[in-house]
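The chain contents come next:
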Amino acid sequence: MLGPLSITTSAGQPVVVAPLQQRAILHVLLARANQAVSPDTLATALWGESAGQRETAALRVLIHHVRKAIGADRIDRETGGYVLHVAPGEFDAHEFTSLVDRAGRLAAARDLDAARHTLRRALGLWRGAAFQDDDSGEPVRAVAAQMEDRRLTAYEDLFELEIDLGLAREVCADVEAMAREHPLRERMVAQAMTALAGSGRAAEALRLFDRTRRLLADELGADPDARLRELHASLLTELDDTRTRVASHIAPAQLPAATAHFTARHEEVARLSAGLRTTGDGPALQGLAGMGGIGKTALAVKVGRRVAAAFPDGQLFVDLRGCEPEPADPGRVLGFFLQALGIAASVVPKETDDRAALFRSQLADRRVLVVLDNAANEAQVRPLLPAGAGCAALITSRARLPVLDGVRWTDLGLLAPVEGAALLHSVAGTDGRETEAAAEVVALCGRLPLAIRIAGARVFGRPHWTLERLAQELRDEQRRLDELAVGDLAVRGSLQLSYQALPGDAARLFRRLGLLGSPDFNAWVAGTLLAAPLADGERLLDRLVDAQMVMVPGSGPGRHPRYRLHDLVRLYAREQAEAVESRAEIDAALLRTWRALADLAIEADRRTPMRITAAVSAIIGAAPGADRWIEELLPDPAAWYDAERGMLIWAASSMPGTPAGVLSWQIPAGSLIGLQTRGLFLDWRETHRLGLAAAVAAGDILGEAVMRRNLAHLEVFGPAGGWRRGIEEAGTALTLFRRSGAPRGEVDALFLMSAAHSRLGEMDEALALGTEGLRIARATGDPFDQANLLHQVGWTHRMKGDMDTALPLLEEGLRLADDGGYTRLRIWLLIAVGIVHRERADLPAAEHHLRRALDVAPAERINGDIASILNLLATVRHRRGDLVGARAAAEEALRASRTVGLAFTEAQALIALGEIDAEAGELDRARELLADGRDRMDQLGARHAVAVAWKALGAVEEVDGRPEAAHAAWREARDLFRRIGNTTEIKALEALLNAQPRAANRRTTTPTTRS
């Protein structure tokens, strides 16, 4: 097919088909290999539209001669027409497609060199144009055009790999020639421009763009696409990175907003910017050293934003908290960086060294800027540095870190008097007036930027003040910075200046804000720290904002803004609290804040529609929150969870060893939905582990039960598939809930145990536990619990093959979920009803319910449910014969699963893709995917899914002419379904095993076909 028609036997002997009409028949049949071609289509290809009965008779004679030439069993007469049988490996077009697909998988696994050689092998199969000697008409011409497009796309993939491998000079001639031959393929033109620029021929790349732009305008009346325009712009502005990466990837943009009052530092900005843009054998590393409050962070952000365009693959930023008693752990920072680069939290390695290696690998072929602010020491920084030549890092620290190799350091000094005055006028809004007073204020502030900003803010917040009035206030040495050249003392002195100017309540609030472990917070925190009304707390926060002791980075859920303490300010505030306030006062302030946080979390948990277990409030008997401030903060529980995630995790981690009591488990319990929906499984486990330990130590039976319920929830529905551990935790929780007299907790524990047994394929146990849970749910009358257990029991009947019993249970549950607005349960029940309709062969009803579920899940950002729905849609479309739609859904499910790190739905997607490939005749790839999915499910202990994979593998082996292997696979599937108790599948497999096996594969005795 990939050139003139050529046929050889398996022994290498040529097969001659000389007559033109016989060759035309072969061309048409090969164009639709393994598909039925009607006699009318063949007759039209030979004689045109005028073909009649006489030509039809002649066609049978010609078919006879073709069969005689290539083997009688090659062409079958079936209901839809004639079928030419071609097996994988016999047909050069099939081999080409298989090699291209294999190259794609290698490229995805970052084995770029192997992918490149594989594409070269694929393109080497071409001996000319597809169907080069064909004149049979439109059917063949359409397939030939498709194959030509695949060939050009393969060349584009090859050029992209070779450019990524640094072979721009070597491939420049080839890609340039191909771009000239196909000037309207814009991706190829972009690659030619990239290769030319990478070969030092940027001017020629620009000329190629101009030719392409004129041709597109003349031929299509269109402009070049965005990729070409961006490449053209980058060449014109002489950006360092001359390679345009066609493949897309996550590009984090974490740099904070630049300060509105940044002045001076022009020389440092220019020097650091040039240094970060410098290219060499390794990353460009720049360091910025200076005392606290000197403006290192502001300058680093300014420079980072200035050079951001040179790092199109992303900018990472972290505050390493080097000035705090407990600086940021580099392993944890690496976890945040890897997640920002698209790595699922559940698959990030545990050890710092492994995280650092993965981080370097992720940045190896990207252009990323890493800004490491407020570093403590070399050991903290070293794992966070990139290694790729295209990357850069900017480090700020109070002192140079001389052991770090390759870092060019800039020492940041005090502002010049004129620069300090400009900063003062900018912050104060005084428009350059009172020059002498401004100079005096700058001198009294020691030309330290932080002190100047605070002083200027006092004037701006009091329009009736003058700079002279401010200078008068600063002349008193007790109110000025002290020991300006002594690093930390200078920072403390400048902060003390503003702190001492605060009224008593504002100062007390400032001190207590330093007790928080989360740098950002909502206004309600101020009220709880002071035991004051919310309005009073907000008024005092405004005073702190006026003094620039607190920042306002943005708004939070509801009408209240969020506030933030700068790291040095928070450290100073904490020191003041520990020096001024008693331990009892500190504990009381924290306990009030934690109590309010627990109330909010429990109320958010009650209000969220995303639960699949009873609300914490329902189990502990807490009344719904009715305070006005709760209503203001919780219009959207999901947004509140996102905003307060840091506060919730800090509180749960800080309470051990304090007199927090029940709050130690109530805060993590109320946080579950926020952690689950965002895939924060590690934080889920750690906060609940601490809460469980606190409940056990206090002898709190109900608290221990709730913690074990939530940990069982994590095991059953989390990414790791710890179903046995889930059964153990839920079993313990069940005993404790019964001792506590908490029937809704009992229902949850029975549900989780049933779900775990179901996933393990232990359907009898699952059904018994689910039925008991449903009995209790009906007795208590709670519609949520009933909907949940109706789903679980109905689903278990479905897994046992009893669709008639399953459907009414699931439909009853769906009605309850619809009426109650239980979003997560509604999604699950729509999925389950869709599956039952699929099993009953009502495919339109199945797709209808699954699409309804898919309409809801993305709005709630539930990636795990989305992946499950897409997998099921793939199976429905497969059964309808829509292989293209089925493959698209399964591949999207695979991507969604890997993004979140969900092992079960990833294995489901692999099995679905294997079944689709089997239907498409790609038996080798189908076998590989099915075996991979089966092994993954086996590791998870998912018997039902393993049985499904074995059954599909048996079908592949049977089609491939290997009856013994097919029967072995079907026996494995039958035995598993027997253990599950699915009688429907057992009967189907018995029928397959008792059927007459097909003949051996004809590939071993018939000629190989190439065209």
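Note that the structure is a prediction, hence the values are computed from the model and not measured.

A short note on the overall build of the protein
Thinking step 1. The number of helices and strands found in the protein is 45 helices and 14 strands.
Thinking step 2. Per-residue burial over the protein gives 54% buried out of 1011 residues.
Thinking step 3. Here the contacts in the protein between residues at least 6 apart in sequence split such that 67% fall between residues at least 24 apart.
Thinking step 4. If you sum the accessible surface of the protein, you get close to 42,000 Å²; carbon and sulfur atoms cover 50% of it.

Here we look at the packing of helix H31 (residues 701-717) against helix H32 (residues 723-740)
Thinking step 1. H32 packs onto H31 with a crossing angle of 155° between their chain directions and a minimal axis gap of 8 Å. Between H31 and H32, the angle is such that the two are roughly antiparallel. Where H31 crosses over H32, the handedness of that crossing is left-handed. Here H31 contributes Ile701, Leu702, Glu704, Ala705, Val706, Arg708, Arg709, Leu711, Ala712, Glu715 and Val716 to the contact with H32, which in turn contributes Trp723, Arg725, Gly726, Glu729, Ala730, Thr732, Ala733, Leu736, Phe737, Arg739 and Ser740.
Thinking step 2. The class makeup of the residues in the contact of H31 with H32 is 12 nonpolar, three polar and seven charged.

Some thoughts on the pattern of salt bridges
Thinking step 1. Going through the model one piece at a time under the given rule, you end up with 65 salt bridges.
Thinking step 2. A salt bridge links Asp225 to Arg227, with the nearest nitrogen and oxygen atoms 3.3 Å apart.
Thinking step 3. For Arg227, a relative accessible area of 26% gives the class partly exposed.
Thinking step 4. Between Glu729 and Arg708 there is a salt bridge whose closest N-O contact spans 3.0 Å. Taken together, the residues Glu729 in helix H32 and Arg708 in helix H31 connect sequence positions 21 residues apart.
Thinking step 5. The network of salt bridges with shared partners includes Asp149, Glu156, Asp157, Glu160, Arg185 and Arg187.

Describing helix H29 (residues 663-677)
The α-helix winds at 3.6 residues per turn, so residues separated by three or four positions along the chain end up facing the same way.
Thinking step 1. With 15 residues, H29 extends 22 Å from end C-alpha to end C-alpha; this agrees with the ideal 21 Å at 1.5 Å per step.
Thinking step 2. Extensive coverage of H29 is indicated by the burial of 14 of its 15 residues.
Thinking step 3. Gly679 lies just past H29 and shows a positive phi near 70°.

Here we look at the sheet that holds strand E10 (residues 407-411)
Thinking step 1. Taken together, the five strands give an open sheet; going across it, the order is E7-E8-E9-E6-E10, and neighbouring strands pair in parallel fashion. Since the sheet does not close on itself, it has two edges, and those belong to strand E7 (315-319) and E10, each with one partner. Between one strand and the next, the sheet's axes are offset by a mean angle of 15°, whatever the strand orientation.
Thinking step 2. Seen against the sheet, helix H12 (residues 296-307) touches strand E6 (284-289), E7, strand E8 (369-375) and strand E9 (392-397) and runs at an angle of roughly 170° to E9.
Thinking step 3. Helix H13 (residues 330-340) contacts E7 and E8 of the sheet and is inclined by roughly 155° relative to E7.

Observations concerning the sheet that holds strand E5 (residues 81-84)
Thinking step 1. What the three strands build is an open sheet, ordered E3-E5-E4; its pairing is antiparallel. Looking along the sheet, the strands with just one partner apiece sit at the ends: strand E3 (36-37) and strand E4 (75-78).
Thinking step 2. Strand direction decides the pairing type here: E4 and E5, joined by four bridges, are antiparallel. When the sheet's bridge partners are listed, Arg77 is paired in E5 with Tyr82.
Thinking step 3. Contacting E3, E4 and E5, helix H1 (residues 20-31) crosses the sheet at an angle of about 80° to E5.

Comments concerning the side chain of Ser617
Thinking step 1. Take Ser617: it is sitting in helix H26 (residues 616-620).
Thinking step 2. For Ser617, a relative accessible area of 6% puts it in the buried group.
Thinking step 3. Residues in contact with Ser617, not counting those within four places in the same chain, are Ile602, Arg606 and Ala622.

A look at the pairing of E7
Thinking step 1. For E7, a buried count of four out of five residues is recorded, marking the element as mostly surrounded by other parts of the structure.
Thinking step 2. Judged from the five bridges that link them, E7 and E8 form a sheet pairing that is parallel. Residue pairing in the sheet places Asp319 in a bridge with Asp373 of E8.

Some thoughts on the nonpolar core
Across soluble globular proteins, nonpolar side chains show a tendency to be buried alongside one another.
Thinking step 1. Phe717, Phe737, Phe751, Ile827, Ile831, Ile869 and Met937 are the most contacted members of the largest nonpolar core, which has 113 residues in total.
Thinking step 2. When residues in this core are grouped by element, the largest group, 10 residues, is from helix H37 (residues 823-839).
Thinking step 3. Core analysis: the next-biggest nonpolar cluster, separate from the first, contains 70 residues, Leu119, Leu123, Tyr155 and Phe159 among them.

Observations regarding the environment of Leu369
Thinking step 1. Inspection of the secondary structure assignment puts Leu369 in strand E8.
Thinking step 2. The residues contacting Leu369, other than those within four sequence positions of it, are Leu276, Gly304, Val307, Phe311, Gly314, Gln315, Leu316, Ala392 and Ala393.

A few points about the packing of aromatic side chains
Thinking step 1. Per the stated rule, a full pass over the model turns up 11 aromatic pairs.
Thinking step 2. Ring geometry for Phe337 and Phe359: centres 5.6 Å apart, planes at 25°, overall stacked. Residue Phe337 is found in helix H13, and its partner Phe359 is found in helix H14 (residues 352-363); the two are separated by 22 residues along the sequence.
Thinking step 3. An angle of 45° between the planes, with centres 5.1 Å apart, marks the rings of Phe717 and Trp828 as tilted. With Phe717 in helix H31 and Trp828 in helix H37, this residue pair connects regions lying 111 residues apart in the sequence.

Comments concerning the packing of helix H42 (residues 923-940) against helix H43 (residues 943-959)
Thinking step 1. Where H42 meets H43, the axes come as close as 9 Å, and the angle between the chain directions of the two elements is 160°. The orientation of H42 relative to H43 falls into the category roughly antiparallel. Considering only the axes of H42 and H43, their crossing is left-handed. Note on element contacts: H43 touches H42 through Ala945, Val946, Ala949, Trp950, Ala952, Leu953, Val956, Glu957 and Val959, opposite Leu923, Ala926, Arg927, Leu930, Ala931, Arg934, Met937 and Asp938.

So, the confidence of the model for the protein
Thinking step 1. For the protein, per-residue confidence averages 83 on the pLDDT scale, and 89% of positions sit at 70 or higher.
Thinking step 2. Counted against residues more than four places away or in other chains, residues 477-491, with its pLDDT under 50, gives 31 contacts.

Some details on the side chain of His688
Thinking step 1. Secondary-structure assignment places His688 in helix H30 (residues 681-698).
Thinking step 2. Among the residues examined, His688 registers a relative accessible area of 0% and is labelled buried.
Thinking step 3. Apart from the residues lying within four places of it in its own chain, the contact partners of His688 are Pro668, Ala669, Leu672, Met707, Asn710 and Leu711.

Description of the environment of Arg120
Thinking step 1. Among the secondary structure elements, Arg120 is positioned in helix H5 (residues 112-124).
Thinking step 2. Along the chain, Arg120 and Ala103 lie 17 residues apart, while their C-alpha atoms are 9.6 Å from each other.
Thinking step 3. Setting aside residues no more than four positions away along its own chain, Arg120 makes contact with Leu158, Glu162 and Asp174.

Description of helix H40 (residues 883-900)
Thinking step 1. Between its first and last C-alpha, H40 extends 26 Å over 18 residues, near the 26 Å set by a 1.5 Å rise per residue.
Thinking step 2. Listed in full, the buried residues belonging to H40 are Gly885, Ala886, Ala889, Ala890, Ala893, Leu894, Ala896, Ser897 and Val900.
Thinking step 3. Trailing H40 by a residue or two, Gly901 shows a phi angle of about 85°, which is positive.

Here's the deal with unusual backbone geometry
Thinking step 1. For Arg321, which is not a glycine, the phi torsion comes out positive at approximately 55°.
Thinking step 2. If you trace the backbone, Arg321 turns up in the loop between E7 and H13.

A short note on the environment of Ile630
Thinking step 1. Locating Ile630 in the fold gives a position in helix H27 (residues 628-633).
Thinking step 2. Looking at Ile630, the relative accessible area reads 5%, which means it is buried.
Thinking step 3. Sequence-wise, Ile630 and Trp524 are 106 residues apart; in three dimensions their C-alpha atoms are separated by 9.5 Å.

About the criteria used
Residues numbered from 1 in each chain as written. Predicted model: local features only at pLDDT ≥ 70, side-chain atom pairs only at ≥ 80, totals over all residues. Heavy atoms only, no water. Helix = DSSP H or I, 4+ residues; strand = E, 2+ residues; numbered from the N terminus. Buried < 20%, exposed > 50% of the residue type's maximum accessible area, 1.4 Å probe, protein only. Contact = heavy atoms within 4.5 Å. Areas by Shrake-Rupley, 256 points an atom, 1.4 Å probe, with all protein chains shown as cover. Axes fitted to C-alpha atoms, helices over the stretch in contact; angles between N-to-C directions. Parallel < 35°, antiparallel > 145°, perpendicular 65-115°, else oblique. Left-handed = near helix turned anticlockwise from the far one by under 90°. Nonpolar A, V, L, I, M, F, W, Y, C, P; charged D, E, K, R; others polar. Salt bridge = Lys/Arg side-chain N within 4 Å of Asp/Glu carboxyl O. Expected span 1.5 Å × (residues − 1). Pairing = 2+ DSSP bridges. Core = buried A, V, L, I, M, F, W, Y, C linked by side-chain atoms within 4.5 Å. Phe/Tyr/Trp six-rings, centres within 6.5 Å; stacked < 30°, edge-to-face > 60°. pLDDT = per-residue confidence, 0-100.

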